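Fold and geometry: a report
Here is what each chain is made of, one letter per residue.
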Amino acid sequence: MGSETGNYDIVIAGGGMIGTSLALALAPLGLRVAIVEAIARREDQQPSFDDRSTGLSRSTQCMFEAMGLWDDVVAAATPIASVHVSDKGRFGFSHISAKEQSVEALGYVVINRVLGEVLQSNLLAAKNVDVYCPARIESTELGPEQVFATLKSDDGEQTLMCKLLVAADGTNSAVREMMGISAQQRGYGQRAVIGNLLPEKALEHRAFERFTPQGPLAILPVADDRAGFVWTVAEHDADRVMALDDDEFLTELQEEFGYRLGKFSRVGTRASYPLVLSKAVRLTATRSVLIGNSAHGLHPVSAQGFNLGMRDVAALCDCIADATEKGSDPGDARLLERYAEWRRADQKKLVHFTDNLVRLFGSSRPGLRTLRNIGMIGFDLVPGVRPMFARHTMGLAGELPRLSRGVPIR
Ligand SMILES: Cc1cc2nc3c(=O)[nH]c(=O)nc-3n(C[C@H](O)[C@H](O)[C@H](O)COP(=O)(O)OP(=O)(O)OC[C@H]3O[C@@H](n4cnc5c(N)ncnc54)[C@H](O)[C@@H]3O)c2cc1C
């Protein structure tokens, strides 16, 4: 191992959307925190703070409010007043509005890169958080009293000592493997193509989710009257779609979406992401814990991956705040057990809900097509179903930790 240069309460592996949010959420507790991120944020290939647009749920909003960040986030975000759900080639649609849910917005859309700027500037101002970036965790040693995490950077190797190691290093988490935890992963045979465009008619804070035979297509309101899109295409067709010139691309996208927003033009840079369902078989090991995509990677159809990860952050913070107040250290086994128990149901529900949505709406099997017609109708007509769906996707169901209720951690 290299030289030991740091002694921390908590080391967070991965400074993406979730790891950075955790570091900021922990800051008021006065613990010594280190965050280790492999790729500099300003790099084009930064995988978390990229050009995707993310829908922030109500519970994520509450968290940012409790963390004192919401004013900065909302200044860069666009509110969603309604979501219009439709099925290509079928009559009927469903419509959920903020008004019927008695909330000011169903959620907010923010570009990851812009959210990254807000989080990063606040992180630099946090006194008790050290940032190691670019630096990659290469190996760990999980002991009963402490954890050693060795990281590699341009300056060579160094080893950090801590009481708790948090893996926030994404779906293909290497730290999860170092913790001896496997993940069940299944590819969807699809890729999400993302970017933004200019619709002829303004979105006026409406979001659209359209289920097509290839997969779901989401159109989201973003700044400057533009629309962010997340278009799911079959893996075998993805290279062809990515290689289309802008006009051809817009023609195909318009064919899938229709003309509800008039003609599409001026598409921006596109990027694509392979879609995988990933579930870690457990959430903790000795003095270590998984959060965010290292614990669960979802299909973006439900726009819930980040929001679910934020609820991991909120629950972990609650457990750490309670335990440290009673004099325990943040890697205490009972604290980790409490976290794992707390998060199990929410994670399981969201993983199943999202996976079922992809299967139900992505299948052309006659039985499922009928079910999905009934599903669309039932969704609208069965009393209570729609509000319940809305509450889940807003992240307001179940027992909520302090931050998810908008209550500061300390
Ligand atoms: C197309 C698309 C659209 C989406 N839309 C939504 C949405 O609308 N709403 C929503 O809630 N979610 C959405 N998601 C999901 C959301 O983007 C993810 O859940 C979220 O980014 C996960 O964040 P994370 O920090 O856990 O992981 P990541 O974003 O993968 O970040 C992991 C970080 O760890 C770093 N890292 C990796 N290995 C190491 C190492 N060994 N040492 C140090 N650092 C390391 C990486 O460089 C990276 O910065 C979407 C996903 C996709 C693909």
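My aim in this report is to walk through the structure given alongside it, one point at a time. The model shown is predicted, which means the values in this text are computed figures rather than measured ones. (Residues numbered from 1 in each chain as written. Predicted model: local features only at pLDDT ≥ 70, side-chain atom pairs only at ≥ 80, totals over all residues. Heavy atoms only, no water.)

**Some details on the environment of Ser 302**
Of note, Ser 302 is situated in the loop between strand 20 (296-297) and helix 8 (305-325). A C-alpha to C-alpha distance of 9.0 Å links Ser 302 and Val 358, two positions 56 residues apart in sequence. With near-sequence residues (within four places) excluded, Ser 302 lies in contact with Phe 353, Thr 354 and Leu 357. A distance of 2.9 Å separates a polar atom in the side chain of Ser 302 from a polar atom in the side chain of Thr 354. (Helix = DSSP H or I, 4+ residues; strand = E, 2+ residues; numbered from the N terminus. Contact = heavy atoms within 4.5 Å. Polar contact = N/O pair within 3.5 Å; in protein donor to acceptor, adjacent residues only side chain to side chain.)

**A few points about the side chain of Thr 232**
On the secondary structure map, Thr 232 appears in strand 15 (residues 227-234). In this structure the side chain of Thr 232 is engaged in a polar contact, spanning 2.8 Å, whose partner is the backbone oxygen of Pro 216.

**What about the site of the ligand?**
The environment of the ligand is formed by 32 residues, the closest being Glu 37, Ser 48, Gly 55, Asn 293 and Phe 306. Backbone polar atom of Met 17 to an oxygen atom of the ligand: 3.4 Å apart, as the coordinates give it. Contacts to the ligand include Ala 38, whose backbone N or O atom sits 3.2 Å from a nitrogen atom. Across the complex, the protein chains shield 92% of the 1000 Å² of accessible surface that the ligand would expose by itself. Counting only elements with at least two residues in the shell around the ligand, the list comes to helix 1 (17-26), strand 3 (53-56), strand 9 (135-142), strand 12 (183-199) and helix 8. When the residues that make up the shell around the ligand are grouped by side-chain class, the tally is 15 nonpolar, 13 polar and four charged. (Near = heavy atom within 4 Å. Areas by Shrake-Rupley, 256 points an atom, 1.4 Å probe, with all protein chains shown as cover. Nonpolar A, V, L, I, M, F, W, Y, C, P; charged D, E, K, R; others polar.)

**Topic: the pattern of salt bridges**
Per the counting criterion, the structure on display carries 20 salt bridges. With its nearest N and O atoms 3.0 Å apart, the salt bridge here joins Asp 322 to Arg 338. Placement of the pair is Asp 322 in helix 8 and Arg 338 in helix 9 (residues 333-362), with a sequence separation of 16 residues. For Arg 343, the salt bridge identified is with Asp 346, shortest N-O distance 2.9 Å. Within this pair, Arg 343 and its partner Asp 346 are both found in helix 9, separated by three residues, close to a single helical turn. Among the charged side chains, a salt-bridge network with shared partners connects Arg 311, Asp 312, Arg 343 and Asp 346. (Salt bridge = Lys/Arg side-chain N within 4 Å of Asp/Glu carboxyl O.)

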